[in-house]
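# Analysis of the macromolecular model
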Amino acid sequence: MKNIIKLFTIAMLSCLSLTAQNSATKKADNHFARYEFLKAAEAYQKLITNDKADTYVYTKLADCYFNIFNTVDAEKWYAKALETSEKPETIYKYSQMLKANGKYDESNKWMDKFASMRPGDDRAIAYRENPNYLPKILEKGNKFNLQDAGINTATSDFGGTIQGNKLYITSARNNSRKTYKWNDQPYLDIYEFTINEDGSYQGGTLLSNRINTKYHEGLVSFSPDGNTIYFSRESLYDNVYLKDSLKNRIGVINLYSSTKLSDGWSEVTPLPFNSPYYSVKNPSVSADGKTLYFSSDMAGGYGNYDIYKAAINDDGSVGRKAVNLGQKVNTEGQEMFPYSSSNGTLYFSSDGHLGLGGLDVFHTKEIDGKFAPIRNVGVPVNSNADDFAFSLNEETEQGFVSSNREGGLGSDDIYAIKKLQPLCDVLIIATVTDSKNGTTLNGASVGIYDTQGNMLSTKTTDANGIVEFIVECETDTQLQVIMTDFESASVDVEGTSEEEVSVDIAMNPIEKIIIDDEVVLNPIYFEFDKSNITAQAAFELDKLVQVMNKYPELVIRAESHTDHIGSATYNQKLSERRALTTVQYVISKGVDETRITGVGKGENDPKIDCGGNCTKEDRAANRRSEFHIVKDQQE
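Residues numbered from 1 in each chain as written. Predicted model: local features only at pLDDT ≥ 70, side-chain atom pairs only at ≥ 80, totals over all residues. Heavy atoms only, no water.

### Side note on the pairing of strand E24 (residues 387-393)
For a regular strand, side-chain orientation follows a simple rule: the groups alternate between the two sheet faces. Using the following cut-off: Each residue is assigned to one of three classes by its accessible area relative to the maximum for its type, calculated with a 1.4 Å probe on protein chains only: buried under 20%, partly exposed between the two thresholds, exposed over 50%. Numbered from the N terminus, helices here are DSSP runs of H or I no shorter than four residues, and strands are runs of E no shorter than two. DSSP bridges decide pairing: two strands pair if at least two such bridges lie between them.
Summarising burial for E24: six of the seven residues are buried, a large majority. Pairing of E24 with strand E25 (residues 398-403) involves five bridges; the strand directions are antiparallel. Its bridge partner being in E25, Asn 393 is matched across the sheet by Gln 398. Remark: four residues form the turn of the hairpin made by E24 and E25, two consecutive strands paired antiparallel; Glu 397 in that turn has positive phi of roughly 60 degrees.

### Here we look at the pattern of salt bridges
Test applied: Any Lys or Arg side-chain nitrogen found within 4 Å of a carboxyl oxygen on Asp or Glu counts as a salt bridge.
Under the counting rule described, the total for this entry stands at 18 salt bridges. Residues Arg 118 and Glu 89 are paired through a salt bridge, measuring 3.3 Å at the closest nitrogen-oxygen approach. Placement of the pair is Arg 118 in the loop between helix H7 (104-117) and helix H8 (122-129) and Glu 89 in helix H6 (residues 88-100), with a sequence separation of 29 residues. Take Glu 89: its relative accessible area is 30%, and that puts it in the partly exposed class. Linking Arg 557 and Glu 559 is a salt bridge whose minimum nitrogen-to-oxygen distance equals 2.9 Å. The class of Glu 559 is buried, set by a relative accessible area of 6%. Within the structure, one salt-bridge network assembled from shared partners comprises Glu 487, Glu 540 and Lys 543.

### Digging into a positive patch on the surface
Short version of the rule: Without a salt bridge and with relative accessible area above 30%, a residue can belong to a patch; like charges are then joined within 9 Å and nonpolar side chains (Val, Leu, Ile, Met, Phe, Trp, Tyr) within 5 Å. We get accessible surface area from the Shrake-Rupley algorithm with a probe of 1.4 Å; when it comes to residues, only the shown protein chains can shield them. Charged-residue counts in this description rest on Lys and Arg as positive and Asp and Glu as negative, His and the chain ends being excluded. Charge placement uses NZ in Lys and CZ in Arg. For Asp and Glu, CG and CD serve respectively.
On the surface, Lys 178, Lys 214, Lys 243, Lys 247 and Arg 249 cluster together to form a positively charged patch. Secondary-structure assignment places Lys 247 in the loop between strand E10 (242-243) and strand E11 (249-250).

### Some remarks on a nonpolar patch on the surface
Together, Leu 242, Ile 250 and Tyr 277 line one region of the surface with nonpolar side chains, adding up to about 320 Å² of accessible area. Within the fold, Leu 242 resides in strand E10. The partly exposed category is assigned to Leu 242, whose relative accessible area is 36%.

### Description of the packing of aromatic side chains
Our working definition: Stacked, tilted and edge-to-face pairs are distinguished by plane angle, under 30 degrees for stacked and over 60 for edge-to-face with tilted covering the rest, among Phe, Tyr and Trp rings (Trp via its six-membered ring) whose centres lie within 6.5 Å. In our convention, an over-ring charge means Lys NZ or Arg CZ found within 6 Å of a ring centre and within 35 degrees of that ring's normal.
Applying the stated criterion across every chain yields a total of 18 aromatic pairs. Plain terms: the ring middles of Tyr 92 and Phe 114 are 5.1 Å apart, the flat faces sit at 45 degrees to each other, and that makes the pair tilted. Separated by 22 residues along the polypeptide, Tyr 92 in helix H6 and Phe 114 in helix H7 bring together distant segments of the chain. The rings of Phe 144, Tyr 339, Tyr 347 and Phe 390 are connected pair by pair, giving a single aromatic cluster. A cation sits over an aromatic face here: Arg 233 above Tyr 237, 4.7 Å from the ring centre. A cation sits over an aromatic face here: Arg 233 above Tyr 256, 5.1 Å from the ring centre.

### Re the packing of helix H3 (residues 37-49) against helix H4 (residues 55-67)
The description of two helices packed together rests on the angle between their axes and the distance between the axes. Heads up, the condition is: For helices, the axis comes from a line fit to the C-alpha atoms of the stretch in contact; other axes are also lines fit to C-alpha atoms, and the angle between any two N-to-C directions lies between 0 and 180 degrees. Throughout, the term roughly parallel applies to angles under 35 degrees, roughly antiparallel to angles over 145, roughly perpendicular to angles from 65 to 115, and oblique to all others. Handedness of a crossing is defined here by the sense of rotation of the near helix relative to the far one, left-handed for an anticlockwise turn of less than a right angle and right-handed for a clockwise turn. We call two residues contacting when some pair of their heavy atoms lies within 4.5 Å. Throughout, the ten residues Ala, Val, Leu, Ile, Met, Phe, Trp, Tyr, Cys and Pro are labelled nonpolar, Asp, Glu, Lys and Arg are labelled charged, and all others, Gly among them, are labelled polar.
Put simply, H3 and H4 touch, their axes get as near as 9 Å, and they point 150 degrees apart. With respect to H4, the element H3 is oriented roughly antiparallel. Crossing of H3 over H4 shows left-handed handedness. Side by side, H3 and H4 meet where Phe 37, Ala 40, Ala 41, Tyr 44, Gln 45, Leu 47 and Ile 48 of the first sit next to Tyr 56, Val 57, Tyr 58, Lys 60, Leu 61, Cys 64, Tyr 65 and Asn 67 of the second. The class makeup of the residues in the contact of H3 with H4 is twelve nonpolar, two polar and one charged.

### Details of the sheet that holds strand E3 (residues 166-171)
The strands making up a sheet associate through hydrogen bonds between their backbones, and the pairing can be parallel or antiparallel. Strands sit in the order E2-E3-E6-E7 across an open sheet of four strands; the sheet is antiparallel. What marks the edges here is a single partner per strand, and that holds for strand E2 (157-163) and strand E7 (201-206). Along the sheet, successive strands turn relative to each other by an average axial angle of 25 degrees, direction set aside. Across six bridges, E2 lies against E3 in antiparallel orientation. Residue pairing across strands places Gln 163 opposite Lys 166, the latter belonging to E3.

### A word on the confidence of the model for the chain
Let me state the cut-off plainly: The pLDDT value tells you how sure the predictor is about a given residue, anywhere from 0 up to 100.
For the chain, the mean per-residue pLDDT works out to 86, and 90% of the residues sit at or above 70. Below pLDDT 50 for its whole length, residues 1-21 participates in four contacts with residues either more than four positions away or in separate chains. Scored below 50 in pLDDT, residues 132-136 makes five contacts in the model with residues more than four places away or belonging to other chains.

### Here we look at the sheet that holds strand E1 (residues 144-148)
What the four strands build is an open sheet, ordered E1-E26-E25-E24; its pairing is antiparallel. Two strands in the sheet have a free side with no partner beyond their single neighbour: E1 and E24. Mean inter-strand twist for the sheet, computed between neighbouring axes without regard to direction, equals 25 degrees. Sheet topology places E1 next to strand E26 (residues 413-419); five bridges connect them, and they run antiparallel. The partner of Asn 145 across the bridge, within E26, is Lys 418.

Structure representation (structure tokens):
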């Protein structure tokens, strides 16, 4: 009985809430119906403050912000509304706001839900057909030629570091060594080959016993001048180990350095972040000699092995602080074998990123402290086996990769590679200038957008007026630039496979869009039968806001015109809605509401009076918005 009473009480309160809602929201609803979205939003906000809100209020508040393209607040209140509602249209709008705010993964989750609720909806069908996944690795084509390097044995051979006219590899070919029980092969040593003028390799001699020991040695890397070698070695040589429960000695892998002397290499120096509790291995020195990259399973990482970096000081010493490259590079799996090339590209092997199987080779590049999207190098460098120890001379476009794929001579083999075409990253270098005098503009805001109008990133020009973006090859983009006292500008950048694209963007001083008694903007487009502000419309209207901010004395009348398709009455009402929404957007950007009015002209004042013989171009010209200067308040 108590539960029945409780349920009845809740039902009564719900009814009262609905009644209160209809009464309390009347003022806000009236503002909304008149397209006064800012005032409506203020009224809905008051209901929330007074604890009189429900799903209806949250949704209407979100709709206010949606209509004036305030994507941040729209996302916030749609999320609140969806705590107690599952209306498909609300879900769809929420997903679009998430996408507009760059939250693509979250947006896709809600689009999945929307598509499952309305599978026949055109928007759901379009999403299912193009869910924004990366192209399949095998469809990217061969970026490299690959062949046996000609120096392999029946044992394990891997690596491929060139310094001067020497090639250095790691190999288990030394039969005088003790056999390693894991694979019944001799312990690994470092070998040196001489590179002949015809590109063939001669020799294959062991480095001195200051470098090679009876335990494992691994990959090597050199300082730019070749006078310092970095390499990995098993810690048992230094009596650094732990004992397991059976009192077996458990060693790790540590990193060491050695300096070139007149009689060979010096005694080695252990690097400061070595430890008996974890391994550090796979060294790679950056082209400028200031950074050492390596892999480690030290505590605090994201997975089994992560890639780290440490500073190399001016005196040649290595800093004690190991910096994890972060979760964009590192995964819950293994990231190993980093290689920093001469142009700053970081190659590495991973079994955590999407690959063909085992370890695959990936690449990325750090720009402005952030890494570009991780890219799979593709076939034939990668296979369904382990592919690792990648290196590449960016100038000659030749290098090496190691693999345990089928068809090799030993358990691990070294393959020579030749780059055939650019990898799928394009660096866009944009330079922003003043069109009046050609000077570069420092501090301009540059956004890059995809073909759907989604902002991918935004940056500010440096002292030379330059910003840089990295995008996938063959990807069309658009750059949009905003700068105080200048007309906003946009430039389409056609997708390409070139490694770099230079774009010059000349900004017009704001006065150039004021012609006689009108502020002249590019056409402002609305979606068919819609009146909410789109991303393209917002970009153009921001120019009007800039003009009004610079000249606070101006008063503007916004006029919305349609073509003659449809009835005159319908076109009149549509133009009025669009004019009112346009005004609301401008006011939302801080312009006083007394300085702008909106008028819908319908089809009554065509720019081209073509009667019933209008072409497609004529109708497009008649569908327009005009912004007339009504008066100068200082007059």
